[in-house]
Amino acid sequence: MDFSFTPEQETFRQELRTWLKANVPPEAHPLRHLQPQASTEDLAFLKAWQKKVHEGGWAGVSWPREYGGCGASLVERMIFDQEMAASQAPGLLNVLGLEIVGPTLIVHGTEEQKKSHLPNILSGDEIWSQGFSEPNSGSDLGSLRTRAIDQGDYFVVTGQKVWTSLARYADWCQLLVRTNLDAPKHQGISCLLVDMKSPGITVKPLRTMTGDSEFNEVFFEEVKVPKANLLGEVDQGWRIIITSLMFERQGLGFYFTFAQKRYYEDLLAEIRHSQRYGESVATDPQIRQKIAQAYIDCELIKLNNYRALTRLLRGNPPGPEGSIPKLQWADINQRLQDLAVEVQGAYGQLFQGEVRAPEGGYWQYGFLRSRANSIEGGTSEIQRNILAERVLGLPKGR
Ligand SMILES: Cc1cc2nc3c(=O)[nH]c(=O)nc-3n(C[C@H](O)[C@H](O)[C@H](O)COP(=O)(O)OP(=O)(O)OC[C@H]3O[C@@H](n4cnc5c(N)ncnc54)[C@H](O)[C@@H]3O)c2cc1C
């Protein structure tokens, strides 16, 4: 395996690194993007950051140039994630628009839809959410029940979504609806682009154990959606779902790798300066074993991601192996966050709500938030099913 980069890739890295050095705001903190719902001030900060990234020419790094992106290759895309994490740059607020909705529009959208939305996704003028999951349809997305009735020029949408990240701030939503009750369940779904300001939409934030309202319930009561906002063909939404989920996995795979490395480095620093009963925590044999394991874990996800990348570079479509890094990352991050709280001893139980300071709740926040890792983006059980059936060739479970 060859882990070296070409001179062009190194130039790309250097240009980006120079740009980040000059532009990452001094008050930036990586956790600022993990809880964008924190305050109006944070929201304004994140919007301004995305604008700056866009003006610098780095938003939509892997989007084709004709749609306003950088046209970066897969390896350059990986370098982008690596440098963003290393520079402690905040993530981009419009992450769902940039990583999932925009790329899906590029594949399935009409020229009109592309023209109207893509530039605004890049600039952050349109924040997007993704309305897939419902109270009784998460892992089994095919069973979704939010109904859209064809009324000629428009659909009338009634139903409920849940877990909708960013909905509170979103201008638009990529919404899955059922358009055909008679077709088999995966064949009667359509995808709509819905203006969140449409009459009949109510967003109710859900408060999680971190104290944040990261996601929301979204209620649709006879919401009119123009036909021009249908993405792809009617009843053919399952194709759109597959495209969106593929972009989600592809876009976030490397982000996890490098974010994990950053957590590992932060924890190592914490261990180096922490004392317990007058002795350095770093001399505790159990802690030493666990931090060594955390290092191995980081390497493990990185190498598995490299393997997935190599597959793509050889021209293969993303395969079910993509579930390996997602599954590993959920376990690995939860283990690392457990360790961080253990290192803090009794102080680990205090959560002062200032997540940007190690003494105020950085690790406590991370510990609580990490519980979501084995649910979001497909649960760990579902990833194991995919691996069992599609990689190991085992029969379908009962
Ligand atoms: C932080 C966060 C952000 C999210 N953001 C969004 C968003 O923006 N938009 C959106 O649409 N959704 C979002 N989700 C929802 C997420 O995609 C779903 O929670 C996830 O797909 C699981 O669905 P569910 O919650 O309905 O659980 P269920 O599917 O009801 O599963 C419940 C339990 O049963 C297990 N299970 C289910 N089926 C099987 C099976 N066949 N075999 C074995 N075990 C099984 C699951 O693993 C789980 O443990 C978000 C979730 C989180 C945690």
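Everything numeric here is computed off the predicted structure, so don't read it as measured data. Every chain is numbered independently, its residues counted from 1 as its sequence is written. In view of the model being predicted, local features appear only for residues whose pLDDT reaches at least 70, and side-chain atom pairs are presented and counted only at 80 or more, with totals across whole chains, interfaces and linings using the full set of residues. To obtain the side-chain values, all non-hydrogen atoms of the structure were used and water was disregarded.

Trainee: Outline the site of the ligand, listing residues and values.
Mentor: In the vicinity of the ligand, 18 residues are found, and the nearest of them are Gln130, Ser133, Ser139, Thr379 and Glu381. Contact between the ligand and Gly138: an oxygen atom at 3.5 Å from a main-chain N or O atom of the residue. We define a polar contact as two N or O atoms separated by no more than 3.5 Å, with the added condition that, inside protein, one atom must be a possible hydrogen donor and the other a possible acceptor, whereas residues neighbouring each other in sequence contribute only through side-chain atom pairs. Ser165 places a polar side-chain atom, nitrogen or oxygen, 2.8 Å from a nitrogen atom of the ligand. Coverage of the ligand by the protein chains reaches 67% of its 970 Å² of free accessible surface. Any residue that is not Ala, Val, Leu, Ile, Met, Phe, Trp, Tyr, Cys, Pro, Asp, Glu, Lys or Arg is counted as polar, Gly included; the first ten are nonpolar and the last four charged. Here the shell around the ligand is composed, by residue class, of 6 nonpolar, 8 polar and 4 charged. Whether a residue is near a molecule or strand depends on its heavy atoms: if one lies within 4 Å, it is near. Each accessible area value is a Shrake-Rupley result obtained with a 1.4 Å probe; residue values ignore everything except the protein chains displayed when judging cover.

Trainee: Can you tell me about unusual backbone geometry, naming the residues and giving the values?
Mentor: Negative phi characterises most residues that are not glycine, and trans characterises most peptide bonds. We note that Leu166 has phi near 65 degrees; this positive angle belongs to a residue other than glycine. In DSSP terms, a helix is any run of H or I states spanning at least four residues, a strand is any run of E spanning at least two, and both are numbered starting from the N terminus. The residue Leu166 is located in the loop between strand E3 (154–161) and strand E4 (172–178) in this model. Of note in this structure, Tyr277 is not a glycine but carries a positive phi near 50 degrees. Locating Tyr277 in the fold gives a position in the loop between strand E9 (275–276) and strand E10 (279–280).

Trainee: Let's hear about a nonpolar patch on the surface: which residues, and what values?
Mentor: Each patch is assembled from residues with relative accessible area greater than 30% and no salt bridge, linking like charges that lie within 9 Å and nonpolar side chains (Val, Leu, Ile, Met, Phe, Trp, Tyr) that lie within 5 Å. Throughout this description, the term salt bridge denotes a Lys or Arg side-chain nitrogen within 4 Å of a carboxyl oxygen of Asp or Glu. Taken together, the side chains of Val391, Leu392 and Leu394 make up a nonpolar region of the molecular surface, amounting to roughly 290 Å² of accessible area. Locating Val391 in the fold gives a position in helix H10 (residues 380–391).

Trainee: So, the packing of aromatic side chains: which residues are in play, and what are the values?
Mentor: Within 6.5 Å between ring centres, the rings of Phe, Tyr and Trp (the latter by its six-membered ring) count as paired, and their orientation is classed by plane angle as stacked under 30 degrees, edge-to-face over 60, tilted in between. Throughout the structure, instances matching the rule amount to 9 aromatic pairs. Taken together, a centroid distance of 5.2 Å and an interplanar angle of 40 degrees make the contact between Phe3 and Tyr306 tilted. Here the residue Phe3 occupies a position in the segment before helix H1 (7–23), and Tyr306 occupies one in helix H7 (residues 285–313), the gap between them amounting to 303 residues. Should the NZ of a Lys or the CZ of an Arg lie within 6 Å of a ring centre and within 35 degrees of the ring normal, that charge is described as sitting over the ring. Its guanidinium or amino end placed over the ring of Phe155, Lys227 lies 5.3 Å from that ring's centre, counting from NZ or CZ.

Trainee: Just give me the short version of the confidence of the model for the protein chain, but keep the residues and values in it.
Mentor: In this model, the protein chain carries an average pLDDT of 91, and 94% of its residues clear a pLDDT of 70 or more. Predictor confidence is given residue by residue as pLDDT, running from a minimum of 0 to a maximum of 100. Between two residues, a contact is recorded if the distance between any of their heavy atoms is within 4.5 Å. Within the model, pLDDT remains below 50 along residues 32–37, and this stretch shows 29 contacts once partners closer than five positions in the same chain are excluded.

Trainee: Now, about the environment of Ser323: what can you tell me, with residues and values included?
Mentor: Note that Ser323 resides in helix H8 (residues 323–343). Taking relative accessible area as the criterion, Ser323 reaches 3% and is therefore assigned buried. Between the alpha carbons of Ser323 and Leu181 there is a distance of 31 Å; along the sequence they are 142 residues apart. Each residue is placed in one exposure class: buried if its accessible area under a 1.4 Å probe, protein chains only, is under 20% of its type's maximum, exposed if it is over 50%, and partly exposed if it falls in between.

Trainee: So, the pairing of E4: which residues are in play, and what are the values?
Mentor: Taking burial as the measure, the 7 residues of E4 include 7 buried ones, the bulk of the element. Side chains Trp172, Gln174, Leu176 and Arg178 of E4 all project onto a buried face; the interleaved residues Cys173, Leu175 and Val177 project onto the opposite face, where all are buried too. Paired strands are those between which DSSP finds at least two bridges. With 4 bridges connecting them, strand E1 (residues 128–131) and E4 associate as parallel partners. Each bridged residue has a counterpart across the sheet, and for Gly131 the counterpart in E4 is Leu175. Pairing of E4 with strand E5 (residues 189–195), which is carried by 7 bridges, proceeds in the antiparallel orientation.

Trainee: Which residues make up H1, and what values do they have?
Mentor: In this model H1 runs 24 Å from its N-terminal to its C-terminal C-alpha over 17 residues, within 8% of the 24 Å that 1.5 Å per residue would give. Those residues of H1 lying buried are Gln9, Phe12, Arg13, Leu16, Trp19, Leu20 and Asn23. Axial view of H1: buried residues confined to an arc of 135 degrees, hence all on one face. For H1, the exposed residues lying more than 90 degrees away from the buried face are Pro7, Lys21 and Ala22. To estimate the expected span of a helix, subtract one from its residue number and multiply by 1.5 Å. Here the arc refers to the set of directions running from the helix axis out to each C-beta atom.

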